[in-house]
Structure formats: structure tokens, C-alpha cells
Amino acid sequence: MKRTYNINLVEGHLLISDNGNTILVDTGSPITVHSETNLNFLDRGFRVHTSIMGNSISDLSNLAGISFTTLLGMDILSQYRVVFDYKNQQITFLTEEEPGLDDTSYPLIDVMGSKAVRMNINGQPLTMVIDTGAPLSYVDTAVTENLESVGEKEDFHPIAGRYTTRIYKLEAEIDDKKFTGTYGNLPTMMGMSLRLGGLDGVVGYDFFRSFRVMLDFKNDSAVITY
């Protein structure tokens, strides 16, 4: 099975259309949320959730400020290899039979239902959750405490609601692959939760717009290429 969708990038969120649904693809969410308990996707039927942390799909749409019917999370995504190609505005779902991207493979770390990768940010080795649902990336305050902020940005999370964070421009790299991103600091409780899981932050939109990325969720590996 190979299925390619055109993507619509709205304020850093990845949206696709399928079976009359507007789907926000979110590798940072452990579960899929839909208006009903059944979702037909990729010619399969899935049992899904109607809320996350007390938030319905309508609540999530309001928090994000964009309209979507479905939040596609890791309970479904983890069954595929997924190629994210922001430059060509496409996303492709692959099973084991189809060839994927051919380049250096990097290990993915399974943490709390999400996937993380190790990279250097501002010269520091960090473990970062890979989150297509994050228009803004995040690092621990220890990374930015001696840096000058370049402004502020409003964001949201199902736990914290809407909030404002200072933002920083930081250089990141995985081996010889480098990119510049905009990073904020998570609200205190959310930052503590990441640290308890052995994580240093979240990397989102800026990472995906800089490369073609294949996340092989079944084999816990990532291929990153220009």
C-alpha cells in the first residue's frame, strides 16, 4: 500500500483531506481524536477517541484557531512508514513493501507514546520529541537562559490552553544536516513532564520544512534528507 496526499500547511499545522474529513496529522499526540468513535482511513476502519485531556475535536479546533475534523495521532501513525515532504507539499503513507527514502538512518526513541530523536541544538546534545503538530519548537529553559529573546509568540496545548512564550532563534544539527529554528519555552508543568520522561524539548515545523523526513514508526528509525 502506498498513498500520497497533498498537504495544506496552515500556520505550521499539517492538514490533509480524506473521506470528507479534514485531518491534522500530529506525531506529538499518542491518540487519534475524531467526532465519532470510528474513523475510516487508508481503507481501514479504526476505533478512535472523541476527546483528549477533556478536549473534544471542536475544543481542539478552537484552541488551534483552525478548523479540522480529526487529529491523527500515533495510535494510527505508528502502523506505517510516513514520508513528510513539506517542500513539495505532500505526505506519503507506506507499508513495508514499498521503497522509502534512501539516506542515513537515525534511531527513534519511544517515549510516552511519541517518538524522539537526538540532535545538537545551540551546541548541546538534546533528546527532542518529533511533533508535526507543533508550529513552534521548544527547548528547556536551561538551553535559553543566557540567550537574548527575539520576541514572543502565542501558542496552545490541551493541558495549558493558550499561553505566550518568549522565542529564540537557534541552530540545530543532526550529523551534517543543519537547520535554523524558532524555539519557545514550555509552561512550567509541561516542561517538568518532559524532563521526567528524559526529554529536552519538542521539534516541529522548522525541522520538517528543512528536510524530507521518513519516520519508520514500526522499526523506530528516521531517514532525513534534503
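In case you missed it, the structure is sitting above this.
What counts, and where the lines are drawn
- Residues numbered from 1 in each chain as written.
- Predicted model: local features only at pLDDT ≥ 70, side-chain atom pairs only at ≥ 80, totals over all residues.
- Heavy atoms only, no water.
- Pairing = 2+ DSSP bridges.
- Helix = DSSP H or I, 4+ residues; strand = E, 2+ residues; numbered from the N terminus.
- Axes fitted to C-alpha atoms, helices over the stretch in contact; angles between N-to-C directions.
- Buried < 20%, exposed > 50% of the residue type's maximum accessible area, 1.4 Å probe, protein only.
- Arc of directions from axis to C-beta.
- Contact = heavy atoms within 4.5 Å.
- Salt bridge = Lys/Arg side-chain N within 4 Å of Asp/Glu carboxyl O.

(A) Representation of the sheet that holds strand β22 (residues 212–216). Pairing within the open sheet is antiparallel, and its six strands lie in the order β1-β12-β11-β22-β23-β13. Two strands lie at the open edges of the sheet, namely β1 (2–6) and β13 (105–107), each paired on one side alone. Neighbouring strand axes in the sheet, compared pairwise and without regard to direction, differ in orientation by 20° on average.

(B) The arrangement of helix α4 (residues 188–196) in detail. Of the residues making up α4, those classed as buried are Met 190, Gly 191 and Leu 194. All buried residues of α4 project into a common sector of 100° when viewed along the axis, lining one side. What points out from α4, more than 90 degrees from its buried face, is the exposed set Thr 188, Met 189 and Leu 196. Buried positions along α4 lie against β16 (124–130), β18 (151–157) and β21 (201–203). Just beyond α4, the residue with positive phi is Gly 198, at close to 80°.

(C) Structural detail: the pattern of salt bridges. This model, assessed by the stated rule, comprises eight salt bridges. The residue Arg 212 makes a salt bridge to Asp 85 at a minimum N-O spacing of 3.5 Å. One end of the pair, Arg 212, is in strand β22; the other, Asp 85, is in strand β11 (residues 81–85), with 127 residues separating them in the sequence. The salt bridge involving Lys 115 is made with Asp 220; its shortest N-O contact spans 2.5 Å. Remark: Asp 220 occurs in the loop between β22 and β23 (221–225) and Lys 115 occurs in strand β15 (residues 114–121); sequence separation between them is 105 residues. We classify Lys 115 as buried; its relative accessible area is 8%. Linked through salt bridges whose partners overlap, the residues forming this network are Asp 110, Lys 115 and Asp 220.

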